[in-house]
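Residue-level structure breakdown
Chain by chain, the residues:
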Amino acid sequence: MPPKKRTRSSAKSNKHTDADAQHGEGSDDVAQLKTGKRTRSAGVKSDVEKNQNDDTCKTSYSLWLMKSEPESRIENGVDVKFGIEDLKALPNQTGCWDGVRNYQARNFMRDMKVGQQAFFYHSNCKEPGIAGFMKIVKEAYVDHTQFDKKDAHYDASSKADNPKWSMVDVQFERMTKRFIPLTELKKYHLQHKAKGGPLKDMALFTRARLSVQPLTAEEFDFVLSLENEDPI
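Residues numbered from 1 in each chain as written. Predicted model: local features only at pLDDT ≥ 70, side-chain atom pairs only at ≥ 80, totals over all residues. Heavy atoms only, no water.

Once that is clear, we can look at the overall build of the chain. Regarding its fold elements, the chain presents seven helices and 10 strands. Evaluated residue by residue, the chain yields a buried proportion of 57% over its 232 residues. Accessible surface for the chain amounts to roughly 9,900 Å². Of this, 49% is attributable to carbon and sulfur atoms. (Helix = DSSP H or I, 4+ residues; strand = E, 2+ residues; numbered from the N terminus. Buried < 20%, exposed > 50% of the residue type's maximum accessible area, 1.4 Å probe, protein only. Areas by Shrake-Rupley, 256 points an atom, 1.4 Å probe, with all protein chains shown as cover.)

Now for the pattern of salt bridges. Within this structure, the stated rule accounts for eight salt bridges. Across the pair Arg73 and Glu69 runs a salt bridge whose closest N-O atoms are separated by 3.0 Å. One exposure class covers both Arg73 and Glu69, and it is buried. A salt bridge links Arg174 to Glu227; its shortest N-O distance comes to 2.7 Å. One end of the pair, Arg174, is in strand β9 (residues 166–181); the other, Glu227, is in the segment after α7 (217–225), and 53 residues separate them in sequence. Owing to a relative accessible area of 32%, Arg174 belongs among the partly exposed residues under this scheme. Looking at Glu227, the relative accessible area reads 8%, which means it is buried. When salt bridges with common partners are traced through the structure, they connect Glu69, Arg73 and Glu75 into a single cluster. (Salt bridge = Lys/Arg side-chain N within 4 Å of Asp/Glu carboxyl O.)

Quick reminder: α-helices carry 3.6 residues per turn. Residues three or four places apart thus point the same way. An ideal rise of 1.5 Å per residue puts 20 Å on 14 residues; helix α5 (residues 182–195) measures up with 20 Å between its terminal C-alpha atoms. For α5, every residue scored as buried is listed here: Leu182, Glu184, Leu185, Tyr188, His189 and His192. All buried residues of α5 lie within an arc of 155° about the axis, which places them on one face of the element. Pointing more than 90 degrees away from the buried face of α5 are the exposed residues Ala194 and Lys195. Trailing α5 by a residue or two, Gly196 shows a phi angle of about 95°, which is positive. (Expected span 1.5 Å × (residues − 1). Arc of directions from axis to C-beta.)

Another aspect to go through is the sheet that holds strand β3 (residues 63–68). Taken together, six strands build an open sheet; the order of strands is β6-β9-β8-β7-β3-β10 and the sheet is mixed. Strand pairing shows two members of the sheet lacking a second neighbour, β6 (94–96) and β10 (212–215), which therefore form its edges. Here the average twist between neighbouring strands, direction ignored, is 35°. The pairing of strand β7 (residues 117–122) with strand β8 (residues 129–142) spans six bridges and is classified as antiparallel. Bridging across to β8, Ala118 finds its partner in Met134. (Pairing = 2+ DSSP bridges. Axes fitted to C-alpha atoms, helices over the stretch in contact; angles between N-to-C directions.)

So, on to unusual backbone geometry. Non-glycine residue Asn76 carries a positive phi angle of around 55°. Structurally, the position occupied by Asn76 is in the loop between β4 (74–75) and β5 (78–79). Although it is not a glycine, Asn92 sits at a positive phi angle of roughly 65°. Position of Asn92 relative to the elements: it lies in the loop between α3 (84–89) and β6. For Asn92, a relative accessible area of 65% gives the class exposed.

Taken across its nine residues, helix α4 (residues 103–111) has seven buried, putting it largely inside the fold. Looking only at α4, the buried set comprises Tyr103, Gln104, Ala105, Arg106, Asn107, Phe108 and Met109. At the N-terminal end of α4, a side-chain oxygen is found 3.0 Å from the backbone nitrogen of Gln104, two or three residues along, and the residue is Asn102. (Polar contact = N/O pair within 3.5 Å; in protein donor to acceptor, adjacent residues only side chain to side chain.)

For the structure shown, the criterion picks out 10 aromatic pairs. A centroid spacing of 5.9 Å and a plane angle of 55° characterise the contact between Trp64 and Phe108, whose relative ring orientation is tilted. Highlighted residues: Trp64 in strand β3 and Phe108 in helix α4, separated in sequence by 44 residues. Judged on exposure class, the residue Trp64 and its partner Phe108 are both buried. (Phe/Tyr/Trp six-rings, centres within 6.5 Å; stacked < 30°, edge-to-face > 60°.)

Two faces belong to every sheet, and in a regular strand the side chains alternate between them. Judged by how many residues are buried, β3 sits mostly within the fold: six of six residues are covered. By the alternation rule, side chains of β3 split into Leu63, Leu65 and Lys67 and Trp64, Met66 and Ser68, which are all buried. As judged from the four bridges shared by β3 and β10, these two strands associate in the antiparallel manner. Residue pairing for β10: Leu65 is matched across the bridge by Gln213. Pairing analysis gives six bridges linking β3 to β7, with the strands arranged parallel. Within the sheet, the bridge partner assigned to Lys67 lies in β7 and is Tyr121.

Take a look at the structure:
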């Protein structure tokens, strides 16, 4: 979810002591656009192996939520921070969403099409939540960071003639009219789960550990409507 500054958040570490974890929303591979580089988070390796043959992307999606870390965190000597302001600061306000090392998240990116929209979600920070909008401007292609031994997301098992990992390019669209925090989204999720509503099955809570998540049109529209509502 941008260049070295190619960095984005893909949270490769095994630490889930941040705000997301405290809210039960730690991600397996939070992204970090460095040029977009990203950081992936905790326990990724075991989940990566488990998800290697995951084929859950057969449903067609066109709207997304993508997580990236807006606060500094050093990974292998590199600051993997990449918030929405970092994306805005890039040339053309565009960067690559690299560093994803979870098969299901990768498969979702491989399904993305140019022009589709995504929420930019701040993860692994004091107040996680949705900060703005971006759009897909380049469809999935080989993630170069998997071959870079100096990169936090280097994968020695990935081969040039059969690369495992992909990335997309994203472009900043706008900030949300107000920051929409995870705590508020969780309240709606619980309400909708109990009484029915668009967020009852939202992947942010049912597949919380994924850094790249699909959204239904109903979920996207409901979250979008919260911009104009007072926080609950």
